[in-house]
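Residues per chain, in single letters:
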Amino acid sequence: KTETALAAIAAASDVDALEEQRLAALGKKGWVSAALKTLGQMSPEERTSAAPAIQAVRAQIADALAAKKAQLEAAELEARLATETLDLTLPAPEAPRGSVHPVSQVMDELAEIFADLGFAVKTGPEIEDDWYNFTALNMPESHPARAMHDTFYFPDTAPKGGRMLLRTHTSPVQIRTMMAEGAPVRIIAPGRVYRSDSDATHTPMFHQIEGLVIDKGIHLGHLKWTLETFLKAFFETDDIVLRLRPSYFPFTEPSVEVDVGFAIENGKRILGGSGDAEGHGWMELLGSGMVNARVIEMSGLDPAEWQGFAFGVGVDRLAMLKYGMDDLRAFFDGDARWLKHYGFSG
Ligand code: PHE
């Protein structure tokens, strides 16, 4: 009987057939199990002589089953490896890809344009103190221009520079640069600025780029040339017409507000041409001016020796103009569909 069982195990063609053999021998109703049960009815002497033989048969069958099982499984794996193939020519599933945000993109473009003009990039802290954000920019305590800035103040702070605040413009970097490095200076300072203001064209956080040049014999002509050159490079057109309007900032004298001419085509503003032409208009673009002598002085330089110009421009506004976006708030929603619509992700 053992021989027959071993032969059947050896002949099993698959795992199922093998399992049948296991049940027939070692299963509850199998013949080996039945033989083991007979031991219970034997006398101690009989059992001592019969048990080893039956146990040996059981072990032999179990070993044969285990060996055959391993062999069948190995063969199965072998067969699967032989038939399953990996098709390397199939297209890979599309994975979503990130992209540079328009604000970062514009800042990078501006840094590159100004690098060609010899400007270095400087940064300053977003948490500023009163002195750098206002006082050193010729806005002493109680100066009315402070009220125009809708400042976020930190409560209960008054270190040596005064109350701490979220900077309302990038102009404090002018002061920090002159104090740290002296003159001459030729820098831009991109970064976040904060004002408690919020509607379709204002967000409590937005981005500016400050420009500052301090040298000898600097005049308004240098400012105008610099702005024209950077705007032509940024908007990739020579058709940029600027209008300089007298204005007021405490830290520049004289102060100049700069407008750019645009035409309206299909309801959209297209930069170019004089804003005074038929069907055209002027759009306010940035604030600038010759650095106030008092600011140069408070930064530790001699205004009789050094002059300069400064400007501050909204990065978000430049991005909207260049890429035709119309709602400033969308810049900070983080909606990938919006980015994709304007060609920024894919
Ligand atoms: N700091 C000014 C603002 O935020 C802009 C500016 C910068 C004006 C430099 C003149 C010179 O409105």
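The structure presented is a predicted model; accordingly, all values stated were derived computationally and were not measured. (Residues numbered from 1 in each chain as written. Predicted model: local features only at pLDDT ≥ 70, side-chain atom pairs only at ≥ 80, totals over all residues. Heavy atoms only, no water.)

Observations regarding the overall build of the protein chain
Scanning the protein chain from terminus to terminus reveals 11 helices and 10 strands. With the C-alpha coordinates of the protein chain rotated into their principal frame, the extents come out at 125 × 55 × 35 Å. A total of 346 residues make up the protein chain; the buried ones form 39% of that total. Accessible surface, the protein chain as shown: approximately 19300 Å² in total, 55% of it carbon and sulfur. Averaging the coordinates of the 33 positive side-chain charges in the protein chain and doing the same for the 49 negative ones gives two points 7 Å apart. (Helix = DSSP H or I, 4+ residues; strand = E, 2+ residues; numbered from the N terminus. Buried < 20%, exposed > 50% of the residue type's maximum accessible area, 1.4 Å probe, protein only. Areas by Shrake-Rupley, 256 points an atom, 1.4 Å probe, with all protein chains shown as cover. Lys, Arg positive; Asp, Glu negative; His and termini not counted. Charge placed at Lys NZ, Arg CZ, Asp CG, Glu CD.)

What to know about the UniProt feature "coiled-coil region" (unreviewed entry) in the protein chain
Mapped onto this numbering, the UniProt entry annotates "coiled-coil region" (unreviewed entry) at residues 58-87. As annotated, residues 58-87 comprises 87% helix and 0% strand, and the C-alpha atoms at either end are separated by 48 Å. (UniProt positions renumbered as here; feature names shortened; annotations may be inferred.)

Remarks on the nonpolar core
Membership of the largest hydrophobic core comes to 43 residues, with the highest contact counts inside it found for Phe-230 and Leu-318. Looking at this core, the elements that each hand over two or more residues are α5 (102-116), β5 (205-215), α8 (220-235), β7 (252-265), β9 (280-291), β10 (307-314), α10 (315-323) and α11 (336-341). Beyond its immediate sequence surroundings of up to four residues, Leu-318 is in contact with Val-106, Leu-110, Phe-230, Leu-231, Phe-234, Phe-235, Leu-285 and Val-313. Counting residues in each nonpolar core, the second largest holds 20 residues, with Phe-134, Leu-137, Val-185 and Ile-187 among its members. (Core = buried A, V, L, I, M, F, W, Y, C linked by side-chain atoms within 4.5 Å. Contact = heavy atoms within 4.5 Å.)

A word on the pairing of β5
Within β5, nine of the 11 residues are buried, which leaves it mostly tucked inside the rest of the structure. The pairing of strand β4 (residues 185-194) with β5 spans 10 bridges and is antiparallel. What sits directly across from Val-193, in β5, is Phe-206. In this structure, β5 lies alongside β10, joined through eight bridges in antiparallel fashion. Paired with Asp-215 across the bridge in β10 is Gln-307. (Pairing = 2+ DSSP bridges.)

Section: the site of the ligand
The environment of the ligand is made up of 14 residues, and the closest members are His-169, Ser-171, Arg-195, Gln-208 and Gly-312. Residue His-169 places a side-chain N or O atom 2.9 Å away from a nitrogen atom belonging to the ligand. At a separation of 2.9 Å, an oxygen atom of the ligand approaches a polar side-chain atom of Gln-208. Considered on its own, the ligand offers 330 Å² of accessible surface; in the complex 92% of this is hidden by protein. Of all the secondary structure elements, the ones that give two or more residues to the shell around the ligand are β5, β9 and β10. Per element, the largest residue contribution to the shell around the ligand is three residues, and it comes from β10. Grouping the constituent residues of the shell around the ligand by class yields four nonpolar, eight polar and two charged. (Near = heavy atom within 4 Å. Polar contact = N/O pair within 3.5 Å; in protein donor to acceptor, adjacent residues only side chain to side chain. Nonpolar A, V, L, I, M, F, W, Y, C, P; charged D, E, K, R; others polar.)

Some points on unusual backbone geometry
Trans is the prevailing form of peptide bonds, just as negative phi is the prevailing case for residues other than glycine. In this structure, Pro-184 follows Ala-183 across a cis peptide bond, with omega equal to 0 degrees. With respect to the helices, strands and loops of the structure, Pro-184 is situated in the loop between α7 (172-181) and β4. The residue Ser-142 is not glycine, and still its phi comes out positive at about 75 degrees. Within the secondary structure, Ser-142 is located in the loop between α6 (130-133) and β3 (164-166).

Digging into the pattern of salt bridges
What the rule picks out here adds up to 15 salt bridges. A salt bridge links Glu-128 to Arg-176; its shortest N-O distance comes to 2.7 Å. Here Arg-176 lies in helix α7 and Glu-128 lies in strand β2 (residues 127-129), a separation of 48 residues in the sequence. Note on Glu-128: relative accessible area 1%, which makes it buried. Measuring nitrogen to oxygen at the nearest pair gives 4.0 Å for the salt bridge that ties Glu-284 to Arg-245. In this pair, Glu-284 sits in strand β9 while Arg-245 sits in strand β6 (residues 242-249), placing the two residues 39 residues apart along the sequence. Connected through salt bridges with shared partners, the residues Arg-243, Arg-245, Asp-259 and Glu-284 form a single ionic network. (Salt bridge = Lys/Arg side-chain N within 4 Å of Asp/Glu carboxyl O.)

What to know about the confidence of the model for the protein chain
Per-residue pLDDT for the protein chain has a mean of 90; in total, 98% of the residues score no lower than 70. Taken over the whole predicted complex, pTM reads 0.72, whereas the ipTM for its chain interfaces reads 0.98. (pLDDT = per-residue confidence, 0-100.)

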